[in-house]
Amino acid sequence: MTGDPRVRVLIDLSVAPPGGAGTYAAGFASGLVGADLDHPEDIVVVVAAQWARDRRDLVEAMAAAGIVVDAVDLPRPGTWRARLVRGRVLRAAADRHDVDLAFFPREVAPRTGRPHVVLANNLYAWRSFDSAAAIGGRASALALRLLARRSARSAAAVLSVSESLAQVTEPIAPVEAVVHHGCSLPEHDRTGSFGPSDRPRSAIMVGNVIANKGIELAIEGVARSRASGDRWTPDVHGGRGDRRYAKALDDLAEARLGASVLRGPESDRDLAAVYQRADVVIMGGAFESFCFPLVEGMRSGCVVVAPDCALVHELCGDVAVTYREGDPASMAAALSVAWDEREQRSRASVERSRTFTWVRAVDQTLAQLRGAMQVPAASSSPAPKVLVD
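This is a predicted model, so every value here is computed, not measured.

Reading the values: rules and limits
- Residues numbered from 1 in each chain as written.
- Predicted model: local features only at pLDDT ≥ 70, side-chain atom pairs only at ≥ 80, totals over all residues.
- Heavy atoms only, no water.
- Phe/Tyr/Trp six-rings, centres within 6.5 Å; stacked < 30°, edge-to-face > 60°.
- Helix = DSSP H or I, 4+ residues; strand = E, 2+ residues; numbered from the N terminus.
- Buried < 20%, exposed > 50% of the residue type's maximum accessible area, 1.4 Å probe, protein only.
- Lys NZ or Arg CZ within 6 Å of the ring centre and 35° of its normal.
- Arc of directions from axis to C-beta.
- Contact = heavy atoms within 4.5 Å.
- Pairing = 2+ DSSP bridges.
- Axes fitted to C-alpha atoms, helices over the stretch in contact; angles between N-to-C directions.

Visitor: Hey, could you run me through the packing of aromatic side chains in this one?
Guide: Two measures describe an aromatic ring pair: the distance that separates the ring centres and the angle between the ring planes. Taken as a whole, this structure holds eight aromatic pairs when the rule is applied. Between phenylalanine 28 and phenylalanine 103, the ring centres sit 6.2 Å apart and the planes meet at 40°, which makes this aromatic pair tilted. Taken together, the positions of phenylalanine 28 in helix α1 (residues 20-34) and phenylalanine 103 in strand β4 (residues 101-104) put the pair 75 residues apart, joining distant regions of the chain. Accessibility assignment for this pair places phenylalanine 28 and phenylalanine 103 in one class, buried. Their ring planes at 85° and their centres at 6.1 Å tell us that tryptophan 232 and tryptophan 339 sit as a pair that is edge-to-face. Placement of the pair is tryptophan 232 in strand β9 (residues 232-237) and tryptophan 339 in helix α12 (residues 328-340), with a sequence separation of 107 residues. Neither tryptophan 232 nor tryptophan 339 differs from the other in exposure class; each is buried. These aromatic residues form a ring-pair network of at least three members: Tyr24, Phe28, Phe103 and Trp358. In this arrangement the basic side chain of arginine 342 is found over the ring face of tryptophan 339, its NZ or CZ atom lying 4.1 Å from the centre.

Visitor: Hey, could you run me through helix α9 (residues 268-277) in this one?
Guide: Residue pairs three or four apart in sequence face the same way in an α-helix, which turns once every 3.6 residues. Buried residues of α9: Leu271, Ala272, Val274 and Tyr275, and no others. Within α9, the buried residues cover an arc of 160° as seen down the axis, which keeps them to one side. Across from the buried face of α9, at angles greater than 90 degrees, the exposed residues are Arg269 and Arg277. Those residues of α9 that are buried lie in contact with β8 (201-206), β9, β10 (280-282) and α10 (292-299).

Visitor: Hey, could you run me through the sheet that holds β10 in this one?
Guide: Within a sheet, neighbouring strands are paired by backbone hydrogen bonds and run either parallel or antiparallel to one another. The sheet built from five strands is open, its strands ordered β9-β8-β10-β11-β12 with parallel pairing. Each having just a single partner strand, β9 and β12 (321-323) make up the two edges of the open sheet. Geometrically, the sheet is characterised by an average inter-axis angle of 25° between neighbouring strands, direction not taken into account. Sitting on the sheet, α10 is in contact with β8, β10 and β11 (303-307), with an inclination near 155° to β11.

From the geometry alone we can't say anything about function, so treat these as descriptive.
Given below as structure tokens:
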């Protein structure tokens, strides 16, 4: 954190299950290590004790950079016991380190007795949906919306992970700024390595298997592309968050493709290899607040095939091959274009991905936290600033 005034900040990275939350925690921690901090001792990072053991490399790197790391014991994320205990543990951490402000990279801020900033990153916190089930069911989604609104109303500032989500959030809670996530994967230049046009082609989806991902559309799109003679092989890497939906996908894939496409989750350390083996990364629907796989796919030199929607244009610019959302024939056509233009799209993807770094996300977030201590929370604000060059 550079410049005055000095603000001692608690950054809560203690919720890090597999998926986006875990990617954020590891990425933000790496960004803190790489950032040029004038006063690293003013940063207090709270992590779960188990995560600290699993990611000792990041914990030691943060400590070596002068950042204060507090590993706390918490119940397993997502349980009601964790929700009830969480506020008490974080309040104790805020008292222990005498912080001025607490930052929660999610919508719900436990009460710490300090001003807080929240990061809007989950569509379920701001909208209700007739379809697309949330992990935990509708009751959990309703509780999330109620708690998010309470946290936003009392926040010193609300940030958002994308312009698309900010537009949903704004009518409920004014958004001070948009801060895109970073990407920790290495660049992968595959110039000249795609091979002959008649070889099997790999398409992947990455993320928890839940109904809002549009995986069934990807199965249908690939099936139609195969019918025209293209040799696509799809794989879906992610935990079976919705087992009933996963069973329906298995049945559909068996009927349309002759085999299941669900491969289970990949560890952080294996994820880069998964992307680097793929030719295309598919996004099956527009239901996302920030789509990590799009950025990770671009960083890995994959071609992105995604619906024609605001979020895709925000993250990918004109790099992605887009299709009409919900239309498997349009997706099949997009897959054909992605293969025909693979070399130039791959190069453009890697270049585009350089926009998304965790050091930049950290710098921009810390600047907003410092600013939140200077300007009281207000009932209205101007349109959010996009903090990505």
